[in-house]
Amino acid sequence: MRFEPVIGDKFLFTWEELGKPTVQGGVKVPGFGIIMLDDADVHYAQQNPTSAAFFVRKSKALGPIHYVVVSRVQPA
């Protein structure tokens, strides 16, 4: 599967696509890299299970395969 940025250098992943993680840490996405989620990201997803999604981008500090959440999709 090929991953394309949706805005600039940011990629969009839903909570479901990430496997609905319930703890902070790195989520491995085959063919893409590791997306780092913190407690606030997990809490947001659990409170908005049907619409939770994250914009992520590459983290220079963590290395070439690591991505961090830069924004969350807010429910309407």
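Notes on the structure follow. The structure displayed is predicted, hence computed values, not measured ones. (Residues numbered from 1 in each chain as written. Predicted model: local features only at pLDDT ≥ 70, side-chain atom pairs only at ≥ 80, totals over all residues. Heavy atoms only, no water.)

A closer look at the overall build of the protein
From N to C terminus, the protein includes 1 helix and 5 strands. In the protein, the succession of α and β elements from N to C terminus is β-β-β-α-β-β. In terms of overall size, the protein behaves like a compact globule, its C-alpha atoms giving a radius of gyration of 12 Å where 76 residues would be expected to give roughly 11 Å. With respect to the principal axes defined by its C-alpha atoms, the protein has extents near 30 × 25 × 20 Å. Split into buried and exposed, the 76 residues of the protein put 33% on the buried side. About 5000 Å² of surface is accessible on the protein, with carbon and sulfur atoms providing 55% of the total. (Helix = DSSP H or I, 4+ residues; strand = E, 2+ residues; numbered from the N terminus. Rg over C-alpha atoms; globule rule 2.2 N^0.38 Å. Buried < 20%, exposed > 50% of the residue type's maximum accessible area, 1.4 Å probe, protein only. Areas by Shrake-Rupley, 256 points an atom, 1.4 Å probe, with all protein chains shown as cover.)

Looking at the nonpolar core
Formed by 16 residues in total, the largest nonpolar core has its most connected members in Phe13, Leu18, Phe32, Ile35, Leu37, Phe54 and Val56. Take this core: its biggest share by element is 3 residues, from helix α1 (residues 39-47). (Core = buried A, V, L, I, M, F, W, Y, C linked by side-chain atoms within 4.5 Å.)

A short note on the pattern of salt bridges
All told, the structure shown has 3 salt bridges when counted by the stated rule. A salt bridge links Lys10 to Asp9, with the shortest nitrogen-to-oxygen separation between them at 3.9 Å. Between Arg57 and Asp9 there is a salt bridge, with the nearest N and O atoms lying 3.7 Å from each other. Here the residue Arg57 occupies a position in strand β4 (residues 53-58), and Asp9 occupies one in the segment before β1 (11-14), the gap between them amounting to 48 residues. (Salt bridge = Lys/Arg side-chain N within 4 Å of Asp/Glu carboxyl O.)

Observations concerning α1
Every α-helix winds through 3.6 residues per turn, so residues three or four apart in the chain are directed the same way. Among all positions of α1, only Asp41, Val42, Tyr44 and Ala45 are buried. One side of α1 carries all its buried residues, which in axial view fall inside an arc of 160 degrees. Seen from the open side of α1, the exposed residues pointing more than 90 degrees away from its buried face are Asp39 and Gln47. Where the residues of α1 are buried, they touch β3 (33-37), β4 and β5 (66-72). (Arc of directions from axis to C-beta. Contact = heavy atoms within 4.5 Å.)

A word on the pairing of β3
Within β3, 4 of the 5 residues are buried, leaving the element largely enclosed by the surrounding structure. Where strand β2 (residues 25-29) folds back onto β3 in an antiparallel hairpin, the turn is made up of 3 residues, including Gly31, whose phi is positive at roughly 80 degrees. Bridging between β3 and β5 involves 3 bridges; their strand directions are parallel. By the bridge assignment, Ile34 is partnered in β5 with His66. (Pairing = 2+ DSSP bridges.)

Re the sheet that holds β3
Read from one edge of the open sheet, 5 strands run β1-β4-β5-β3-β2, paired in mixed fashion. Of all strands in the sheet, those with a lone pairing partner are β1 and β2, marking the two edges. Strand after strand, the sheet turns through a mean of 40 degrees between neighbouring axes, direction not considered. Alignment of β4 against β5, held across 5 bridges, turns out to be antiparallel. (Axes fitted to C-alpha atoms, helices over the stretch in contact; angles between N-to-C directions.)

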